Amino acid sequence: MKKNRKALLIALLNAAIFFILLLFHYSGASIKIAGANPISALALLVAVIMFSSELTGVCAGILTGIVMDGVAATPAGFNTVVLMLLSFAAAILSHYIFNRNVQSAATLCLLFTVVYYIARWLVTFAFAGDLEGGFNYLIVTAAPSAVYTTLFIIPFYYLQKYLFSKINSVR
């Protein structure tokens, strides 16, 4: 019973952190450097996925996607579908292929964000026929943003490692 209560508190804490990160990102008060604008919630999502079950990771991806779809300029449902699929893939990779260390977390986060930005490029530029603007987006915005987003995995990885150790330490 105590373990379930701690797990619920940690889930609520993570939900609050996700909400604050997304609010900060979409309010215009971001920490943009040149063309790179990180989506720090994606890094937190990868950290949560690494320490939770596959189902919890996919649910976190779906909920994050729903919130992002509510405010993002991408087509409706894009973030929900892409983050659900990426969360499932990241959960499988993190549990069966990658180790649970910060280097694996950074690699998984970079892969996660690169695939996210490529999917976003496909939907917003390539399928729309704007290839010239699309390649500019990939090189000037998406690539630096993916790398910049990956830097956020370091504090989020250690935060999730600490939080999930607290769940598992309850007897």
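**So, the nonpolar core**
Move 1: Counting residues in each nonpolar core, the largest one holds 47 residues, and the members touching the most others are Phe112, Tyr116 and Ile153.
Move 2: Going through the elements one at a time, α1 (2-26), α2 (40-51), α3 (54-71), α4 (78-96), α5 (102-126), α6 (131-151) and α7 (153-169) are the ones with two or more residues in this core.
Move 3: When residues in this core are grouped by element, the largest group, 11 residues, is from α2.

**Description of α3**
Move 1: Under the 1.5 Å per step criterion, the end-to-end length of α3 is 26 Å for 18 residues, consistent within 8% with the ideal 26 Å.
Move 2: Among all positions of α3, only Gly57, Val58, Ala60, Gly61, Thr64, Gly65, Met68 and Asp69 are buried. Projection of α3 onto a plane perpendicular to its axis shows the buried side chains occupying an angular sector of 165°, all on one side. More than 90 degrees from the buried face of α3, the exposed residues found are Leu55, Leu63 and Gly70.

**Examining the side chain of Thr149**
Move 1: Among the structural elements, Thr149 can be located in helix α6.
Move 2: A polar contact is formed between the side chain of Thr149 and the backbone nitrogen of Ile39, at a distance of 3.1 Å.
Move 3: Excluding anything up to four places from it in sequence, Thr149 contacts Pro38, Ile39, Leu42, Ala43, Cys109, Thr113 and Tyr117.

**Digging into the packing of aromatic side chains**
What describes a pair of aromatic rings is the distance from one ring centre to the other and the angle between the planes of the rings.
Move 1: Across all of its chains, the model carries 7 aromatic pairs by this definition.
Move 2: Geometrically, the ring pair formed by Tyr148 and Phe152 is tilted, given 5.8 Å between the ring centres and 45° between the ring planes.
Move 3: A ring pair is formed by Phe152 and Phe156, whose centres lie 6.4 Å apart and whose planes are at 25°; its orientation type is stacked. The pair formed by Phe152 and Phe156 is uniform in burial state, with each residue classed as buried.
Move 4: One aromatic cluster in this structure is built from Phe51, Tyr157, Tyr158 and Phe164.

**Comments concerning the packing of α1 against α2**
Move 1: One can describe the packing of α1 onto α2 by two numbers: an axis separation of 8 Å at closest approach and a directional angle of 160°. Judged by the angle between their axes, α1 and α2 are roughly antiparallel. Every residue of α2 that contacts α1 at Asn14, Ile17, Phe18, Leu21 and Leu22 is listed here: Ser40, Ala41, Leu44, Leu45 and Val48.

**Focus: a positive patch on the surface**
Move 1: On the surface, a cluster of positive charge is contributed by Lys2, Arg5, Lys6 and Lys166.
Move 2: The dominant element in the positive patch, judged by the number of residues it contributes, is α1, at 3 residues.
Move 3: Within the secondary structure, Lys2 sits in helix α1.
Move 4: What makes Lys2 exposed here is its relative accessible area of 61%.

**Brief notes about the confidence of the model for the protein**
Move 1: Averaged over every residue, the pLDDT of the protein is 86; residues scoring 70 or more account for 92%.
Move 2: Across the protein, element-level confidence peaks in α4 with a mean pLDDT of 92 and bottoms out in α6 with 83.

**Observations concerning the packing of α3 against α4**
Move 1: With their axes 7 Å apart at the nearest point, α3 and α4 run at an angle of 155° to one another. Relative to α4, α3 is oriented roughly antiparallel. With respect to the hand of their crossing, α3 and α4 are arranged in right-handed fashion. Residue-level contacts link Glu54, Gly57, Val58, Gly61, Ile62, Thr64, Gly65, Ile66, Met68 and Asp69 of α3 to Phe78, Asn79, Thr80, Leu83, Met84, Ser87, Phe88, Ala91, Ile92, His95 and Tyr96 of α4.
Move 2: For the contact of α3 with α4, the per-class residue count stands at 11 nonpolar, 8 polar and 2 charged.

Quick notes on the rules
- Residues numbered from 1 in each chain as written.
- Predicted model: local features only at pLDDT ≥ 70, side-chain atom pairs only at ≥ 80, totals over all residues.
- Heavy atoms only, no water.
- Core = buried A, V, L, I, M, F, W, Y, C linked by side-chain atoms within 4.5 Å.
- Buried < 20%, exposed > 50% of the residue type's maximum accessible area, 1.4 Å probe, protein only.
- Helix = DSSP H or I, 4+ residues; strand = E, 2+ residues; numbered from the N terminus.
- Expected span 1.5 Å × (residues − 1).
- Arc of directions from axis to C-beta.
- Polar contact = N/O pair within 3.5 Å; in protein donor to acceptor, adjacent residues only side chain to side chain.
- Contact = heavy atoms within 4.5 Å.
- Phe/Tyr/Trp six-rings, centres within 6.5 Å; stacked < 30°, edge-to-face > 60°.
- Axes fitted to C-alpha atoms, helices over the stretch in contact; angles between N-to-C directions.
- Parallel < 35°, antiparallel > 145°, perpendicular 65-115°, else oblique.
- Patch = residues over 30% accessible without salt bridge, like charges linked within 9 Å, V, L, I, M, F, W, Y side chains within 5 Å.
- Areas by Shrake-Rupley, 256 points an atom, 1.4 Å probe, with all protein chains shown as cover.
- Salt bridge = Lys/Arg side-chain N within 4 Å of Asp/Glu carboxyl O.
- Lys, Arg positive; Asp, Glu negative; His and termini not counted.
- Charge placed at Lys NZ, Arg CZ, Asp CG, Glu CD.
- pLDDT = per-residue confidence, 0-100.
- Left-handed = near helix turned anticlockwise from the far one by under 90°.
- Nonpolar A, V, L, I, M, F, W, Y, C, P; charged D, E, K, R; others polar.

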